[in-house]
Amino acid sequence: MHLNAMASLVLSSVVALCGASQVTMAASTASIPTTHLAVVQPEPDITGVWERDPFPFGDDDETVLAPPPGEGPELKEPYASQWKALQEKRQALLKAGTPLVDASTQCLPEGTPGIMEAIYPIQILQNKGQITVLAELFMQTRRIYMNAKFPEADDLPPSYYGFSSATWEGNVLVVKTRGVQESVKFYDIPHSDAMIVTERYQLIGEDNLRIDVTIDDPDYLKKPYTFTWEYKRNHG
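Anyway, here's the lowdown on the structure attached to this text.

Rules used throughout
- Residues numbered from 1 in each chain as written.
- Predicted model: local features only at pLDDT ≥ 70, side-chain atom pairs only at ≥ 80, totals over all residues.
- Heavy atoms only, no water.
- Phe/Tyr/Trp six-rings, centres within 6.5 Å; stacked < 30°, edge-to-face > 60°.
- Helix = DSSP H or I, 4+ residues; strand = E, 2+ residues; numbered from the N terminus.
- Buried < 20%, exposed > 50% of the residue type's maximum accessible area, 1.4 Å probe, protein only.
- Lys NZ or Arg CZ within 6 Å of the ring centre and 35° of its normal.
- Contact = heavy atoms within 4.5 Å.
- Salt bridge = Lys/Arg side-chain N within 4 Å of Asp/Glu carboxyl O.
- Pairing = 2+ DSSP bridges.
- 1 Å grid on protein atoms, 1.4 Å probe; cavity = no way out; pocket = protein on both sides within 12 Å on 5 of 7 lines; lining within 4 Å.
- Points joined across faces, edges and corners; volume = space filled by probe spheres on them.
- Nonpolar A, V, L, I, M, F, W, Y, C, P; charged D, E, K, R; others polar.

Tallying each qualifying case throughout the model produces eight aromatic pairs. Here the aromatic rings of Phe 186 and Trp 229 are separated by 6.0 Å at their centres, their planes lie at 80°, and the arrangement is edge-to-face. Of the two residues, Phe 186 sits in the loop between strand E6 (172-178) and strand E7 (196-205) while Trp 229 sits in strand E9 (residues 225-234), which places them 43 residues apart along the sequence. Judged by relative accessible area, Phe 186 falls into the buried class, the value being 9%. By relative accessible area, Trp 229 is classed as buried at 1%. Against the face of Phe 150 rests Arg 178, its NZ or CZ located 4.4 Å from the ring centre.

All right, on to unusual backbone geometry then. Look at the link from Asp 53 to Pro 54: it is a cis peptide, with omega at -5°. Residue placement: Pro 54 occurs in the loop between strand E1 (48-52) and helix H2 (79-95). Cis geometry marks the peptide bond from Thr 112 to Pro 113, where omega comes out at 5°. Its place among the elements puts Pro 113 in the loop between H2 and strand E2 (122-126). A positive phi angle, close to 55°, is found at Ala 118, a residue other than glycine.

A few words now on the environment of Pro 44. The residue Pro 44 is located in the loop between helix H1 (3-31) and E1 in this model. Remark: the alpha-carbon pair of Pro 44 and Trp 168, spanning 124 residues in sequence, is separated by 9.4 Å. Setting aside residues up to four positions removed in sequence, Pro 44 forms contacts with Gln 126, Trp 168, Asn 171 and Leu 203.

On to the pattern of salt bridges, then. Within the structure shown, the criterion is met by eight salt bridges. The salt bridge involving Glu 51 is made with Lys 232; its shortest N-O contact spans 3.8 Å. With Glu 51 in strand E1 and Lys 232 in strand E9, this residue pair connects regions lying 181 residues apart in the sequence. Salt-bridge contacts for Asp 188 lead to Arg 90; the nearest nitrogen and oxygen are separated by 2.8 Å. One end of the pair, Asp 188, is in the loop between E6 and E7; the other, Arg 90, is in helix H2, with 98 residues separating them in the sequence. Look at the salt bridges and you will find they share partners, linking Arg 90, Asp 102 and Asp 188 into a network.

Residue placement: Phe 163 occurs in strand E5 (residues 163-169). Of the residues examined, Phe 163 reaches a relative accessible area of 18% and is grouped as buried.

Time to look at the pairing of E1. Side chains Gly 48, Trp 50 and Arg 52 project from E1 onto a buried face, and the interleaved Val 49 and Glu 51 project onto a face without burial. Bridge count for E1 against E2 is three bridges, and the pairing is antiparallel. The residue bridging Gly 48 from the neighbouring strand is Ile 124, located in E2. When E1 meets E9, the two strands line up antiparallel, connected through four bridges. Of the residues in E9, the one forming a bridge with Glu 51 is Lys 232.

Approximately 1600 Å³ is the volume found for the largest pocket. Mapped onto the lining of the largest pocket, the elements with two or more residues apiece are H2 and E9. Ranked by the residues each element gives to the lining of the largest pocket, the list is headed by H2, at seven residues. Residues of the lining of the largest pocket, tallied by class, amount to 26 nonpolar, nine polar and ten charged. Taken as a whole, the second largest pocket spans an internal volume of roughly 200 Å³. Surrounding the second largest pocket, Pro 151, Ala 153, Leu 156, Pro 158, Arg 178, Gly 179, Val 180, Asp 193 and Ala 194 form its lining. Split by residue class, the lining of the second largest pocket holds six nonpolar, one polar and two charged.

These figures capture arrangement, not role.
Here you go:
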């Protein structure tokens, strides 16, 4: 066979083999399933010093009793009448310049949810396993445990802040609290040891936070008591 003819034959064989290899590789690649990796969104960062926005305590007349947030609680009887009478008594004594002795005048902790009212700024420290709230007023400390299982009722001693467990639902931090001692009365509102306080924390801007609060206590309340607090982050 002529040398040129032999060279052409070899070249044709190489091209055919390469083509077959590429077809085989393409077929193999096509048979490999495509894996789409889920993008894990970071949890919102609520760490910082927060103050109420707008600030509700500035120019109030100190002789006028501040109302509870929202529309106030709808208490069952006889608790509704008792609470109303206490508010009237408190208002009269406040106007007379002789405030009623209570937890506030004794500098006792505000408890849950009162600490979050932020009469003075509060600081929130967020890490993977715990969120800590530090309040300037009365040097208070509240601890919120992430994804924590609630202790059994017999193993949950009442305390000022109760036991708080939190989970993330998308970009909303949902905190549930049980075990707030009955001596802690937010705006004088009585409650049972079965009370559950639910808070939903959500950033509504880079430096703006909203907390939607729901208080459930069928023993005392006709319906859950709900209200909202908003804050701005203080970078100072």
